[in-house]
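# What the coordinates show
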Amino acid sequence: AQSVTQPDIHITVSEGASLELRCNYSYGATPYLFWYVQSPGQGLQLLLKYFSGDTLVQGIKGFEAEFKRSQSSFNLRKPSVHWSDAAEYFCAVGGYYKLSFGAGTTVTVRA
Amino acid sequence: GAVVSQHPSRVICKSGTSVKIECRSLDFQATTMFWYRQFPKQSLMLMATSNEGSKATYEQGVEKDKFLINHASLTLSTLTVTSAHPEDSSFYICSATSGPSSYEQYFGPGTRLTVT
């Protein structure tokens, strides 16, 4: 069975500070991993994805994520947060047939 | 590329009526489409998977007679909520993928359903 755990329900970060969102997964084979962002009342926007290859993945909006097989983790990072990064972030594992989402992490950015 | 649209974006209906939500892939052929439901402040829950020309596969606990899914073409899937009740109020999101070799789902913007 596949599953995703996002341990942090809510993170508050100051504008300009760094951000790291944690994601741990359980998957029976080589995982396909995704990070999505959702603004209130909106659909999901793909930030980045990992299928294979380089374990450090660059995405849009200055985000990056690192796949660590030994830790079953795929943490999302951004060196300097902007106020517009305030949103809900979802980690997902799976592939063609079925995606499983984590519970999400709400990011609040304070001035 | 890979744009998915949903219509309507918001709908309000009276209890007991039915409402249809459309999901379209605008620039690719979607062999498989997925329907998710999202409650406030919660994650996405997969409701069903539909393949073009086939019956949808529903997740455990999802009433297939209540949530009718039709995937009649490679660019259109519809979700009909029949005899809607206030507890069906939710945010419904569809996604689409272009085939077995594609491991990425492209998401629509969602539809907010409110049943009064």
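Coordinates for the structure precede this section.
Reference entry: report on the structure contained in this document. (Residues numbered from 1 in each chain as written. Chains lettered and ligands numbered in written order. Predicted model: local features only at pLDDT ≥ 70, side-chain atom pairs only at ≥ 80, totals over all residues. Heavy atoms only, no water.)

The next subject is the overall build of chain B. Within chain B, the secondary structure is distributed over zero helices and 11 strands. Counting helices and strands in the order they occur from the N terminus, chain B gives β-β-β-β-β-β-β-β-β-β-β. Over its C-alpha atoms chain B spans a radius of gyration of 13 Å, differing by no more than 12% from the 13 Å that the globule rule assigns to 116 residues. In terms of principal-axis extent, the alpha carbons of chain B reach across some 40 × 25 × 25 Å. Put simply, of all contacts in chain B between residues at least 6 apart along the chain, 55% involve residues at least 24 apart. Of the roughly 5,600 Å² that chain B leaves accessible, carbon and sulfur atoms contribute 51%. Considering chain B, the positive charge centre built from 10 side chains and the negative charge centre built from 9 side chains are found 7 Å apart. (Helix = DSSP H or I, 4+ residues; strand = E, 2+ residues; numbered from the N terminus. Rg over C-alpha atoms; globule rule 2.2 N^0.38 Å. Contact = heavy atoms within 4.5 Å. Areas by Shrake-Rupley, 256 points an atom, 1.4 Å probe, with all protein chains shown as cover. Lys, Arg positive; Asp, Glu negative; His and termini not counted. Charge placed at Lys NZ, Arg CZ, Asp CG, Glu CD.)

Taken together, the 20 residues of chain A in the interface contact 25 residues of chain B. When chain A packs against chain B, the two sides together hide about 1,800 Å² of surface, and 57% of this comes from carbon and sulfur. The tally of links between chain A and chain B comes to two salt bridges. Between Lys 49 of chain A and Glu 104 of chain B there is a salt bridge whose closest N-O contact spans 2.4 Å. Counting the contacts that link chain A with chain B gives five residue pairs in polar contact (both at pLDDT 80 or more). (Buried area = accessible area lost by both parts, 1.4 Å probe. Salt bridge = Lys/Arg side-chain N within 4 Å of Asp/Glu carboxyl O. Polar contact = N/O pair within 3.5 Å; in protein donor to acceptor, adjacent residues only side chain to side chain.)

Attention now moves to unusual backbone geometry. Residue His 7 of chain B is joined to Pro 8 of chain B through a cis peptide bond whose omega torsion reads -5 degrees. In this fold, Pro 8 of chain B is placed in the loop between strand S1 (4–7) and strand S2 (10–13). Here Lys 61 of chain A, not a glycine, exhibits a phi torsion of approximately 60 degrees, which is positive. Positive phi, close to 45 degrees, is recorded for Ser 83 of chain B, a residue that is not glycine. Inspection of the secondary structure assignment puts Ser 83 of chain B in the loop between strand S8 (76–81) and strand S9 (90–97).

So, about the pairing of strand S3 (residues 19–25) of chain B. Residue and element names in this part refer to chain B. Residues Val 19, Ile 21, Cys 23 and Ser 25 point to one face of S3 and are all buried, whereas Lys 20, Glu 22 and Arg 24, pointing to the other face, are not buried. Direction of pairing for S1 relative to S3: antiparallel, over a ladder of four bridges. Bridging across to S3, Ser 5 finds its partner in Arg 24. With six bridges joining them, S3 and S8 adopt antiparallel strand pairing. Within S8, the position partnered with Val 19 by the bridge is Val 81. (Buried < 20%, exposed > 50% of the residue type's maximum accessible area, 1.4 Å probe, protein only. Pairing = 2+ DSSP bridges.)

Note on pairing: side chains with opposite charge can pair once their charged atoms come close. All chains considered together, the criterion is met by eight salt bridges over all chains. For Lys 98 of chain A, the salt bridge is made with Glu 59 of chain B, and the minimal N-O distance between the two is 2.9 Å. One end of the pair, Lys 98 of chain A, is in the loop between strand S10 (87–94) and strand S11 (99–101); the other, Glu 59 of chain B, is in the loop between strand S6 (57–58) and strand S7 (67–73), on a second chain. Classification of Lys 98 of chain A by relative accessible area gives partly exposed; the value is 28%. With a shortest N-O distance of 2.9 Å, Lys 66 of chain B and Asp 88 of chain B are connected by a salt bridge. Remark: Asp 88 of chain B occurs in the loop between S8 and S9 and Lys 66 of chain B occurs in the loop between S6 and S7; sequence separation between them is 22 residues. Taken individually, Lys 66 of chain B and Asp 88 of chain B each receive the classification buried, so the pair is uniform in this respect. Linked by salt bridges that have partners in common, Glu 64, Glu 66 and Arg 77 of chain A make up one network.

So, on to the environment of Asp 27 of chain B. Residues and elements named next belong to chain B. Tracing the backbone through its elements, the reader meets Asp 27 in the loop between S3 and strand S4 (32–38). Judged by relative accessible area, which is 39%, Asp 27 ranks as partly exposed. Separated by 48 residues in the primary sequence, Asp 27 and Thr 75 have C-alpha atoms spaced 8.6 Å apart.

All names here are of chain A. Position of Ser 80 relative to the elements: it lies in the loop between strand S9 (73–78) and S10. On the basis of relative accessibility, which here comes to 40%, the residue Ser 80 falls in the partly exposed class. Separated by 61 residues in the primary sequence, Ser 80 and Leu 19 have C-alpha atoms spaced 7.1 Å apart. Setting aside chain neighbours within four positions, we find Ser 80 in contact with Gly 16, Ala 17 and Asp 85. At a separation of 3.4 Å, a polar atom in the side chain of Ser 80 contacts the main-chain carbonyl oxygen of Gly 16.

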